[in-house]
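Secondary and tertiary structure notes
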Amino acid sequence: MAEPLLSIRDLHVSYGNIKAVRGISLDVEEGQIVTLIGANGAGKSTTLRAISGLVRPSAGSVVFRGMELSKLAPHRVVEAGIAHVPEGRGIFANLTVYENLKLATYSRKDRDRIPADEERVFALFPRLKERLSQMAGTLSGGEQQMLAVARALMTRGRIMLLDEPSMGLSPILVQEIFKVIAEINEAGTTILLVEQNANMALKVAHHGYVLQTGEIVLAGAAEDLASDPRVREAYLGG
Amino acid sequence: MAVILQQTLNGLQLGSVYALIALGYTMVYGILRLINFAHGDIFMIACYIGFFASGAFLARHLPTWAVFASTLLTSMVLTALLAMLIERSAYKPLRYAPRVSAVITALGVGLFLEHFTLATLGPAPRAIPPLLPAANYNMGGLTISSLQLMIIVISIILMLLLDTVVQKTMTGMAMRAISFDKTVVPLMGVPVDRIISLTFAIGSAVAAAGGILYSQAYPIINPYMGVRIGWWAFIAAVVGGIGNIRGAMLGGYILGFVEVFTPTILPSSTYRDFVAFTILLAVLIVRPTGILGRVAAQKV
Ligand SMILES: Nc1ncnc2c1ncn2[C@@H]1O[C@H](COP(=O)(O)OP(=O)(O)O)[C@@H](O)[C@H]1O
Ligand SMILES: [Mg+2]
């Protein structure tokens, strides 16, 4: 079997004396959508933050394309090819929509490919294209989530980490965002999707991990997890 | 009437300098939420650098305009480097410490700069030589000095340049993004530490330019000169809306006019601090975020 694109081994992360992540290991194969599901406080965001270098693990390794990430500064992790859509979107409300997109290209060396990527993003999110000069803070919640995803695309990562993209969105918009995630994946970007909405996440994903108080308690193919009675009871409402 | 026009020009001249210094306060506050109380003393150091640089360049018998340009550049560059050094050694280690620690450190850095200058160069005031042409033009009772025009024009050019950097360049975008939400910016591939360093550098270089221009109008410099001017520029930044670039410029000119018009309206110029602080209080009561400041967006 080929090397996984992203491979986490025995990762531990603490905030002071709170052990948020306690020795998790997971693999993300190139081209797949892998989902990490779990209740609020399980350690999902912390795992993503550790991959991006926003928090330092106390132990363990994060290997991406053969490169150890856990010692890199966060902006170097982006350069290495990891795009991260943070929890709560994290758009810059005081910048225009276009500036939000532009800033995401900050460390890109392949400047000549940026216009083509812009076109791709506009094709995927026509509503953003109509609002380029608008302050990002004036966008609706759904549009802000689209912008957060679009911005991550502009960093041109090989893998996109998505932290609860469906949070706070209406059911229709949730459908729409999951459709976009599938499209981005089909176009070649590997995805690590963190969700509380296990139902939707397991539908779109190839593979899944269930996280509980900082530990992985179940792992498997997404459809197997979706039919697993333990998952159904705890996360899918029986 | 002529007096008012004359004082307006003086106000513009002084206001330009306050505006240039206020920009440094506002830029640093914008991205770190730190009032860099050492900024006034950094301005003082810039003037001393100007003193020695102009001496050195004059000794080389360069044309005066070239001496002025090289003095300005030397002071801007060295002051920027000094500010980056201060940021790295004094403020960066406190990035995640309680804010009051950083503020106290800033006050300490300011005192250090004053007393270091005092200890090494002595208390005696020094005079920066005139480097700009000082021709006076008479226009119906109004005296316009070429010096005044130069100070105002160079200041405005620098402010337009800075505004362009902040509004149009990638670095400026990164600065504005950091001022909104520092935690997400690294995920855009932006090296936040480098942007913070650059912010100190730019803010201090602009203050240095203010210092060199100021010294052409008021040539006497001493180790404590940064205290009052620093306070006035700080008030300017707060009145205009701290964190807001254009607010700092506006505030600078308001304070410039306060200073020159106080003796015209009130019995003596000694009332100027009283007027400045009264305006500060009035603005803060009516608009706590300053004239152009926006209420910080509540983050969910
Ligand atoms: N900045 C922080 N400081 C202290 N504790 C934190 C911080 N962020 C998260 N935690 C704690 O770490 C645990 C995991 O949180 P998180 O990774 O955000 O979970 P999830 O994303 O699955 O909801 C929780 O107990 C949470 O309270
Ligand atoms: Mg979370």
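Notes on the structure in this doc start here. (Residues numbered from 1 in each chain as written. Chains lettered and ligands numbered in written order. Predicted model: local features only at pLDDT ≥ 70, side-chain atom pairs only at ≥ 80, totals over all residues. Heavy atoms only, no water.)

1. A word on helix α7 (residues 171–186) of chain A
Residue and element names in this part refer to chain A. Across its 16 residues, α7 extends 23 Å between first and last C-alpha, which sits within 8% of the 22 Å expected from 1.5 Å per residue. Listed in full, the buried residues belonging to α7 are V174, I177, F178, V180, I181, A182, I184 and N185. The secondary structure elements touched by the buried residues of α7 are β3 (33–37), α4 (114–124), α6 (141–154), β7 (159–163), β8 (190–195) and α8 (198–204). Where α7 ends, the next residue or the one after it, G188, has phi of about 115 degrees, a positive value. (Helix = DSSP H or I, 4+ residues; strand = E, 2+ residues; numbered from the N terminus. Expected span 1.5 Å × (residues − 1). Buried < 20%, exposed > 50% of the residue type's maximum accessible area, 1.4 Å probe, protein only. Contact = heavy atoms within 4.5 Å.)

2. Some words on a nonpolar patch on the surface
There is a patch of nonpolar side chains on the surface, built from B:Y224, B:V227, B:W231 and B:F277 and spanning about 360 Å² of accessible area. Here B:F277 is to be found in helix α10 (residues 272–286). (Patch = residues over 30% accessible without salt bridge, like charges linked within 9 Å, V, L, I, M, F, W, Y side chains within 5 Å. Areas by Shrake-Rupley, 256 points an atom, 1.4 Å probe, with all protein chains shown as cover. Salt bridge = Lys/Arg side-chain N within 4 Å of Asp/Glu carboxyl O.)

3. Topic: the sheet that holds strand β6 (residues 82–85) of chain A
Residues and elements named next belong to chain A. Strand order across the open sheet formed by 6 strands is β6-β7-β8-β3-β9-β10, with mixed pairing between neighbours. The two strands at the open ends of the sheet, each matched to only one other strand, are β6 and β10 (215–221). Averaged over all pairs of adjacent strands, the angle between strand axes in this sheet comes to 15 degrees, irrespective of strand direction. Here strand β9 (residues 207–212) runs beside β10; their pairing, made up of 6 bridges, is antiparallel. Note that in β10 the partner of V210 across the bridge is L218. Against the sheet, α6 touches β6 and β7, its axis set at about 170 degrees to β6. Helix-sheet contacts for α7 involve β3, β7 and β8, and the interaxial angle to β8 is about 155 degrees. (Pairing = 2+ DSSP bridges. Axes fitted to C-alpha atoms, helices over the stretch in contact; angles between N-to-C directions.)

4. What to know about the environment of B:G140
All names here are of chain B. Examined against the element boundaries, G140 turns out to sit in the loop between β2 (136–139) and β3 (142–145). G140 gets classed as exposed once you look at its relative accessible area, which sits at 79%. Put simply, G140 and A2 are 138 residues apart on the chain and 8.0 Å apart in space, counted from C-alpha to C-alpha.

5. Focus: helix α5 (residues 146–168) of chain B
For α5(B), which comprises 23 residues, the first-to-last C-alpha distance of 32 Å matches the rise-based estimate of 33 Å (1.5 Å per residue) to within 8%. Inspection of α5(B) places B:S146, B:L147, B:Q148, B:I151, B:I152, B:I154, B:S155, B:L158, B:M159, B:L162, B:D163 and B:V166 among the buried residues, and these make up the whole buried set.

Note that all results are geometric; they support no functional claim without further evidence.
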